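One-letter residues, chain by chain:
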Amino acid sequence: MKRIFLPFLVLLFLFSSCGISGTTTETESPGSEQSTAALERFEASFLDVFDTVTNIVGYAESEEAFTEAVQNIHDELEEYHQLYDIYNEYEGVTNLKTVNDNAGGEPVEVDQRIIDLLVFSREMYEATGGMTNVAMGAVLSIWHDARETAINDPSRAYVPELSELEAASEHTDFDSIVIDEENRTVQITDPEASLDVGAIAKGYAVEMVARNAAPNLLLSVGGNVRPTGPKPEEDSRWVVGVESPEDTSSFLHTLYIEDLCVVTSGDYQRYYYYDGVRYSHIIDPNTLFPPNYWRSVTILCPDSGIADALSTALFCMTQEDGQALLDKFGAEAMWVTTEGEMSYSPGFEQYIRT
């Protein structure tokens, strides 16, 4: 294993023989030395896209080839990050913050990748019965402010008033988002509405980037895990770990995957406490509060964008309703209850390694 140093600004690269950290793990299989004689195994991590850690493990003919592959993935993810950012501006970039800032005004001409994301978001909004709704920005911004306040100063923690949330929910109609595909413009007709694509953008971006990436890689972007192809070994399956909500340094299961994505949503990733109650970042569109069905939901699906949208939707549903949604997409899921008990969709357990 060679140590590689790439000229990325504010990037950190880590290399070890024990696999990627976080929700992804990868181990050498018997006979791998012979089957990968022409390829070397490398690992890398960087920290500056989608406000999370990106881990990449994979095989390449040389250090230079792997370095180039990682650089390309980083650069493309960075472009998506800037386009889909609702909080920050970037020189020369018209992004979703620009669209939000112009709510109630004229249509905004945007990059085709924003159009594609919003069209996909509309499809998932319809498929999930509104449970994954990127037009929830007015409600989510209230919870975002409460969470940031509590994290920065726990003594000032609070829970938003239901009346405030209900008033904001009057401005979450997806029909207020007008997507003109021909002219490549987006218009928010309601001046008090806004986009928040946090439930879908990362998974969608990972899917788009992975489709263009070099083969023989396994990407994990904040736990959105997506292979770019099978391992070039006799056993071509990757090994992916699913974090425990109680102890993120341990795994509930490790899974074998070859052409599936693994995406988990949970209440342990972004949250705060108020009066001893945990309030997570996932908000149920029906109650306008964090749901309390599950600690985590893990999705197996060929498409990372769909998996991301499903994990958010299922987190706000009973298992019965969630299973009906899974069946639409041929996806699998594992649910972890608030008591730590695990249950599975009919086909999930076939992928369990340990």
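Residues numbered from 1 in each chain as written. Predicted model: local features only at pLDDT ≥ 70, side-chain atom pairs only at ≥ 80, totals over all residues. Heavy atoms only, no water.

K.L.:
Could you give me a rundown of unusual backbone geometry, with the residues and numbers involved?
P.N.:
Across residues other than glycine, the phi torsion is negative in most instances, and most of the peptide bonds are trans. In this model, D51 sits at a positive phi of 55 degrees, which is unusual for a non-glycine residue. Mapping D51 onto the fold places it in the loop between β1 (40–49) and β2 (52–60). Owing to a relative accessible area of 74%, D51 belongs among the exposed residues under this scheme. A positive phi angle, close to 50 degrees, is found at D275, a residue other than glycine. In this structure D275 comes out as exposed when scored by relative accessible area, which is 67%. (Helix = DSSP H or I, 4+ residues; strand = E, 2+ residues; numbered from the N terminus. Buried < 20%, exposed > 50% of the residue type's maximum accessible area, 1.4 Å probe, protein only.)

K.L.:
Before we move on, can you summarise the confidence of the model for the protein chain with the specific residues and values?
P.N.:
Looking at the protein chain as a whole, its pLDDT mean stands at 90, while 90% of the residues score no less than 70. A low-confidence stretch, residues 1–23 (pLDDT under 50), is modelled with 67 contacts involving residues beyond four sequence positions or located in other chains. Note that residues 27–36 has pLDDT below 50 and, in this model, 15 contacts with residues that lie over four places away or in other chains. (pLDDT = per-residue confidence, 0-100. Contact = heavy atoms within 4.5 Å.)

K.L.:
Which residues make up the pairing of strand β7 (residues 224–227), and what values go with them?
P.N.:
Because side chains alternate across β7, one face comprises the buried residues N224 and R226, and the other comprises V225 and P227, equally buried. By the bridge criterion, four bridges tie strand β6 (residues 217–221) to β7 in an arrangement that is antiparallel. Bridge pairing in β7 links V221 to N224. In this structure, the hairpin formed by β6 and β7 is closed by a connection of two residues, where G222 is found at a positive phi of approximately 55 degrees. (Pairing = 2+ DSSP bridges.)

K.L.:
Account for the packing of helix α2 (residues 63–84) against helix α7 (residues 201–212), naming residues and giving values.
P.N.:
Two elements in contact, α2 and α7, have axes whose closest approach is 10 Å; the angle formed by their N-to-C orientations is 150 degrees. Along this stretch, α2 crosses α7, giving a crossing that reads as right-handed. Counted together, I73, E76, L77, Y80 and Y84 of α2 and A201, Y204, A205, M208, V209 and N212 of α7 form the full contact between these two elements. For the contact of α2 with α7, the residue count by class is nine nonpolar, one polar and one charged. (Axes fitted to C-alpha atoms, helices over the stretch in contact; angles between N-to-C directions. Left-handed = near helix turned anticlockwise from the far one by under 90°. Nonpolar A, V, L, I, M, F, W, Y, C, P; charged D, E, K, R; others polar.)

K.L.:
Give a detailed account of the packing of aromatic side chains, specifying residues and quantitative values.
P.N.:
Enumeration over the complete set of coordinates arrives at 11 aromatic pairs. When the ring of W143 is compared with that of Y279, the centres are 6.0 Å apart and the planes differ by 25 degrees; the resulting orientation is stacked. Taken as a pair, W143 in helix α5 (residues 137–152) and Y279 in strand β12 (residues 277–280) lie far apart in primary sequence, 136 residues in all. Assessed through its relative accessible area of 2%, W143 is described here as buried. By relative accessible area, which is 14% here, Y279 ends up buried. For the ring pair W143 and F289, a centre distance of 5.2 Å and an interplane angle of 80 degrees mean the geometry is edge-to-face. Of the two residues, W143 sits in helix α5 while F289 sits in the loop between β12 and β13 (294–301), which places them 146 residues apart along the sequence. Among the residues examined, F289 registers a relative accessible area of 24% and is labelled partly exposed. Pairwise contacts between aromatic rings join W143, Y272, Y279 and F289 into one cluster. (Phe/Tyr/Trp six-rings, centres within 6.5 Å; stacked < 30°, edge-to-face > 60°.)

K.L.:
Go over helix α9 (residues 319–329), please, and point to the residues and values.
P.N.:
When we look at burial in α9, the residues that qualify are G322, Q323, L325 and L326. Across the axial projection of α9, the buried residues extend over an arc of 165 degrees, all falling on one side. Opposite the buried face of α9, at more than 90 degrees from it, the exposed residues are E320, D327 and K328. As for α9, its buried residues are in contact with α4 (112–127), β13, α8 (304–315) and β14 (332–337). (Arc of directions from axis to C-beta.)

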